[in-house]
Amino acid sequence: MYATGTPLYSAELIQEGGACGLVVTDRRRHTVRPAYVSTKAVEQLPAFLTKLGFLHLRGIRRR
């Protein structure tokens, strides 16, 4: 899947020492929000992204 259009948010997953952090940038409001993320959540990220892709392909949209 390739992204086209205007990015609204961007996210980076960083590691500092043994801790993981998520940095989300709101590109419309020009704000940055950091949050610590458990290692278990980081390990589950590939499965979560796969599920999002699967839902998108099936045309399921929740609002």
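Residues numbered from 1 in each chain as written. Predicted model: local features only at pLDDT ≥ 70, side-chain atom pairs only at ≥ 80, totals over all residues. Heavy atoms only, no water.

(A) A look at the pattern of salt bridges. Applying the stated criterion to the full structure yields 2 salt bridges. Among the salt bridges present, the one from R29 reaches D26, with a minimum N-O distance of 2.8 Å. Note on D26: relative accessible area 7%, which makes it buried. Each of D26, R28 and R29 takes part in one network of salt bridges that share partners. (Salt bridge = Lys/Arg side-chain N within 4 Å of Asp/Glu carboxyl O. Buried < 20%, exposed > 50% of the residue type's maximum accessible area, 1.4 Å probe, protein only.)

(B) Local environment of the sheet that holds strand β3 (residues 31–37). If you trace the 3 strands from one edge of the open sheet to the other, you get β1-β2-β3, paired in antiparallel fashion. Lying at the two open borders of the sheet, with one neighbouring strand each, are β1 (9–16) and β3. Going from strand to strand, the sheet's axes swing by 20° on average, the running direction of each strand aside. Here 7 bridges tie strand β2 (residues 19–26) to β3, and the two strands are oriented antiparallel to one another. (Pairing = 2+ DSSP bridges. Helix = DSSP H or I, 4+ residues; strand = E, 2+ residues; numbered from the N terminus. Axes fitted to C-alpha atoms, helices over the stretch in contact; angles between N-to-C directions.)

(C) Structural view of the pairing of β1. The element β1 is largely exposed, with a buried count of 0 among its 8 residues. Here 8 bridges tie β1 to β2, and the two strands are oriented antiparallel to one another. Looking at the pairing, S10 lines up with T25 of β2. Count of turn residues in the β1/β2 antiparallel hairpin: 2 residues, of which G17 carries a positive phi of about 65°.

(D) Molecular detail of the environment of S10. Mapped onto the fold, S10 is located in strand β1. Between the alpha carbons of S10 and T25 there is a distance of 5.2 Å; along the sequence they are 15 residues apart. Leaving out residues up to four positions away in the same chain, S10 has contacts with V23, V24, T25 and R27. Side-chain polar atoms of S10 contact the side chain of R27, separated by 3.4 Å. (Contact = heavy atoms within 4.5 Å. Polar contact = N/O pair within 3.5 Å; in protein donor to acceptor, adjacent residues only side chain to side chain.)

(E) Spatial organisation of a nonpolar patch on the surface. Where nonpolar side chains cluster on the molecular surface, the patch consists of L13, L45, F48, L49 and L52 and spans about 450 Å² of accessible area. With 4 residues, the single largest contributor to the nonpolar patch is helix α1 (residues 39–57). Looking at the element boundaries, F48 is found in helix α1. For F48, a relative accessible area of 49% translates into the label partly exposed. (Patch = residues over 30% accessible without salt bridge, like charges linked within 9 Å, V, L, I, M, F, W, Y side chains within 5 Å. Areas by Shrake-Rupley, 256 points an atom, 1.4 Å probe, with all protein chains shown as cover.)

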